[in-house]
Amino acid sequence: MQKTAVQLPIRFLLAAVLCLTIQACKQDIYTNIEEREANAMVATLLQKGIDAGRVMQKNGKLTVTVEESQFAQAVAALNEAGLPKTQFATMGSVFKQEGLVASPVQERAQMIYALSEELSRTVSEIDGIVSARVHVVLPDNDPLQRNAVPASASVFIRHEPNLDINTLIPQIKTLVANGIAGLTYEKVSVIPVAAVAMNGSNAGPELTSFLGIWMLPASASKAHWLFGTLIAALIVLGGALGYRLRRVKRRQIYPLQSVGPAE
């Protein structure tokens with residue numbers, strides 16, 4: 001059975017829609033992200049002019065997606081912003097009992113590591129701090145020793161380029177010193193490093209107008225392509241329908257007559 005002239009453009013239109021769906025597929029950039037952090041990541045990428053979105057997973061967490069052509073740019077932008085945030089261990093996770101009896105050396109090492117993780121987490125929460133690491137040194141002094149070695153700590157900070165870090169350093173040193181018993185303000189050293197900014201990262205994304213709607217360049221390009229494809233599909237469909245109607249009208253005006261056998 002021959003396909004009618006109407007069926008062909010409909011199949012063409014469906015094929016075009018399928019192609020659009022394939023083209024619209026995005027690349028996963030990070031998975032198993034909490035909602036608050038996923039929102040921050042998507043907002044950061046949109047501010048950089050990168051088309052990003054979120055996809056809900058079965059476990060309730062989110063996946064952040066971007067266009068494949070913008071994958072490298074998205075990774076660089078998130079690294080600059082310090083996203084996703086470093087996952088620090090908590091006191092509960094560090095001291096989770098895994099064996100029957102913990103040795104004094106193991107307990108001491110766990111205590112130092114837990115203090116470092118907790119302080120690193122706290123410093124990282126300060127506005128303008130991209131990432132932070134706190135390294136604590138607690139000497140194992142003999143109680144009978146006269147000249148005991150004092151405790152010390154060093155703080156590495158990666159901060160935003162426009163942040164006045166000099167005003168925060170005394171507060172950070174006080175925070176770390178008060179968080180560890182036996183640690184004095186003078187024994188806390190802070191090393192700040194400004195994060196390298198991407199070219200044009202401080203400027204807002206340039207928007208493009210399409211049919212009176214302002215959108216990101218990537219979205220505008222996709223909208224142009226989608227609009228052009230739909231227009232082409234409608235033209236083909238309209239031509240096929242017009243051809244079909246003309247044939248039907250012609251048959252109504254000039255009906256076919258069957259010729260019987262000659263007598």
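Every value quoted in this text rests on a predicted model; they were computed, and no experiment measured them.

All right, on to the environment of Lys 48 then. Structurally, the position occupied by Lys 48 is in the loop between α2 (35-47) and β2 (52-56). For Lys 48, a relative accessible area of 24% gives the class partly exposed.

The biggest cluster of nonpolar side chains holds 21 residues, and the ones touching the most others in it are Val 134, Val 155, Ile 157, Ile 172, Val 176 and Leu 183. Mapped by element, the contributors of at least two residues to this core are α5 (104-124), β4 (129-137), β5 (152-159), α6 (169-179) and β6 (188-194). Ile 29, Ile 33, Val 64 and Ala 74 belong to the second-largest nonpolar core, a separate cluster that totals 15 residues.

Bringing the pattern of salt bridges into the picture now. Scanning the model with the defined rule gives three salt bridges in all. Between Glu 80 and Lys 48 there is a salt bridge, with its nearest N and O atoms 3.7 Å apart. Here Lys 48 lies in the loop between α2 and β2 and Glu 80 lies in helix α3 (residues 71-81), a separation of 32 residues in the sequence. The closest approach of N and O atoms between Arg 133 and Glu 117, which form a salt bridge, is 3.0 Å. You can see Arg 133 sitting in strand β4 and its partner Glu 117 sitting in helix α5, a full 16 residues away along the chain. Owing to a relative accessible area of 3%, Glu 117 belongs among the buried residues under this scheme.

Taking strand neighbours across the sheet as the criterion, the three strands line up as β4-β5-β6 in an open arrangement whose pairing is mixed. Where the open sheet ends on each side, the last strands, each with one partner, are β4 and β6. The mean angle between the axes of side-by-side strands here comes to 15°, regardless of whether they run parallel or antiparallel. Inspection of the sheet shows β4 paired to β5 by eight bridges, in the antiparallel sense. Among the inter-strand pairings, Ile 129 is bridged to a residue of β5, identified as His 159. Contacting β4, β5 and β6, α6 crosses the sheet at an angle of about 135° to β6.

A residue-level look at the protein chain finds 64% of positions with pLDDT of 70 or above and a mean pLDDT of 75. Mean pLDDT across the elements of the protein chain ranges from a minimum in strand β8 (residues 213-215), with 48, to a maximum in α6, with 94. Confidence drops under a pLDDT of 50 for residues 1-6, and excluding neighbours within four residues, the segment shows six contacts in the predicted structure. Long-range and interchain partners of residues 200-204, a stretch whose pLDDT sits below 50, account for four contacts in this model, where long-range means more than four residues apart.

What follows is about the sheet that holds β2. One open sheet holds the three strands; their spatial order is β1-β3-β2, and the pairing between them is antiparallel. Single-partner strands in this sheet number two, and they are β1 (27-33) and β2. Averaged over all pairs of adjacent strands, the angle between their axes in this sheet comes to 25°, without regard to strand direction. Of the pairings in the sheet, the one linking β2 to strand β3 (residues 62-66) comprises five bridges and is antiparallel in character. Counterpart to Val 55 in the pairing with β3 is Thr 63. Sheet strands in contact with α2 are β1, β2 and β3, and its direction is about 160° off that of β2. Across the face of the sheet, α3 comes into contact with β1 and β3 while running at roughly 35° to β1.

This paragraph deals with the packing of α2 against α3. In the contact formed by α2 and α3, the axes pass within 10 Å of each other and the chain directions differ by 115°. Viewed along their axes, α2 and α3 form a crossing whose handedness is right-handed. For the pair α2 and α3, contact is made by Met 41, Thr 44 and Leu 45 and by Ala 74, Ala 77, Leu 78 and Ala 81, respectively. Of the residues contributing to the contact of α2 with α3, the split by class is six nonpolar, one polar and no charged.

What counts and what doesn't
- Residues numbered from 1 in each chain as written.
- Predicted model: local features only at pLDDT ≥ 70, side-chain atom pairs only at ≥ 80, totals over all residues.
- Heavy atoms only, no water.
- Helix = DSSP H or I, 4+ residues; strand = E, 2+ residues; numbered from the N terminus.
- Buried < 20%, exposed > 50% of the residue type's maximum accessible area, 1.4 Å probe, protein only.
- Core = buried A, V, L, I, M, F, W, Y, C linked by side-chain atoms within 4.5 Å.
- Salt bridge = Lys/Arg side-chain N within 4 Å of Asp/Glu carboxyl O.
- Pairing = 2+ DSSP bridges.
- Axes fitted to C-alpha atoms, helices over the stretch in contact; angles between N-to-C directions.
- Contact = heavy atoms within 4.5 Å.
- pLDDT = per-residue confidence, 0-100.
- Left-handed = near helix turned anticlockwise from the far one by under 90°.
- Nonpolar A, V, L, I, M, F, W, Y, C, P; charged D, E, K, R; others polar.

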